[in-house]
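What the coordinates show
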Amino acid sequence: MQTCGLEALAARRADRLSGGELARVHIARLLAVEHRLLLADEPIANLDPRYQLDILAALRGHARSRGAALVVLHDLNIAARHCDRLLLLAADHSPLCDTPARVLSAERIAEVFKVPLGYFHEAGIAAALAR
C-alpha cells in the first residue's frame, strides 16, 4: 500500500474509490503477490504524474530484485525513460526487441506509426528518445 500511495485510503471501500485510486489498488495487489514475472497492461493510464513515476519505479524495482516485469505502454517517452528493453510490435513489421535507443529511432517510429519525421522534433520527442 505504501509503494502505491494508498495508506490514506486503507479504510475506504473499493466502490468509493476514483478510477485512479482503484488502478493503484490493482497495482498494489499485483506487487504484493511476489511473483517472479509481473504482467501489466497500461498500468499508469489515467494516473497523476506522481503516481505514474511511483508505479514505474515499483515495477522496475521488482524486475531488478525478483525477476521481470512485462509492461505494455503506448507512451514512447515513458517507455524510453523507464524500460531496460523494449519490444516493438506493429502490423507489417518484424517484431524488434532491444534497448530503447535501438528500438525507438525516429526513422523507425515514423515508419511504424505513419507520422512525419519532423513531428519528433516539433513535439520534443526526439530529445527524449535520444536518452
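Located above this text is the structure these notes cover.
Note that the coordinates shown come from a computational prediction; the quantities given were computed from them, not determined experimentally.

Between the first and last C-alpha of helix α2 (residues 49-65) there are 24 Å, a value that for 17 residues agrees with the 24 Å anticipated at 1.5 Å per step. Every buried residue of α2 is listed here: Tyr51, Gln52, Ile55, Leu56, Ala58, Leu59 and His62. One side of α2 holds all its buried residues, which, seen down the axis, span an arc of 155°. When the buried face of α2 is taken as reference, the exposed residues oriented beyond 90 degrees from it are Pro49, Arg50, Arg64 and Ser65. Of the surrounding secondary structure, the elements contacted by the buried residues of α2 are α1 (19-32), β1 (37-41), β2 (68-72) and α3 (76-82).

Their axes nearest at 11 Å, the elements α1 and α2 cross at an angle of 15°. Taken together, the axes of α1 and α2 are roughly parallel relative to one another. Considering how the two elements wind past one another, α1 and α2 form a crossing that is left-handed. Across the interface between the two elements, Arg24, Ile27 and Leu31 of α1 pack against Tyr51, Ile55, Ala58, Leu59 and His62 of α2. Its residues placed into classes, the contact of α1 with α2 shows 6 nonpolar, 1 polar and 1 charged.

This part takes up the packing of aromatic side chains. In the structure shown here, the tally under the stated rule is 0 aromatic pairs. Between the NZ or CZ atom of Arg24 and the centre of the ring of Tyr51, over which it lies, the distance is 3.6 Å.

Inspection of the secondary structure assignment puts Glu21 in helix α1. On the accessibility criterion, Glu21 (16% relative accessible area) is buried. Apart from the residues lying within four places of it in its own chain, the contact partners of Glu21 are Leu6, Leu9 and Arg12.

The next subject is a nonpolar patch on the surface. Taken together, the side chains of Leu37, Leu39 and Leu70 make up a nonpolar region of the molecular surface, amounting to roughly 310 Å² of accessible area. Among the secondary structure elements, Leu37 is positioned in strand β1.

Calculation criteria
- Residues numbered from 1 in each chain as written.
- Predicted model: local features only at pLDDT ≥ 70, side-chain atom pairs only at ≥ 80, totals over all residues.
- Heavy atoms only, no water.
- Helix = DSSP H or I, 4+ residues; strand = E, 2+ residues; numbered from the N terminus.
- Expected span 1.5 Å × (residues − 1).
- Buried < 20%, exposed > 50% of the residue type's maximum accessible area, 1.4 Å probe, protein only.
- Arc of directions from axis to C-beta.
- Contact = heavy atoms within 4.5 Å.
- Axes fitted to C-alpha atoms, helices over the stretch in contact; angles between N-to-C directions.
- Parallel < 35°, antiparallel > 145°, perpendicular 65-115°, else oblique.
- Left-handed = near helix turned anticlockwise from the far one by under 90°.
- Nonpolar A, V, L, I, M, F, W, Y, C, P; charged D, E, K, R; others polar.
- Phe/Tyr/Trp six-rings, centres within 6.5 Å; stacked < 30°, edge-to-face > 60°.
- Lys NZ or Arg CZ within 6 Å of the ring centre and 35° of its normal.
- Patch = residues over 30% accessible without salt bridge, like charges linked within 9 Å, V, L, I, M, F, W, Y side chains within 5 Å.
- Areas by Shrake-Rupley, 256 points an atom, 1.4 Å probe, with all protein chains shown as cover.
- Salt bridge = Lys/Arg side-chain N within 4 Å of Asp/Glu carboxyl O.

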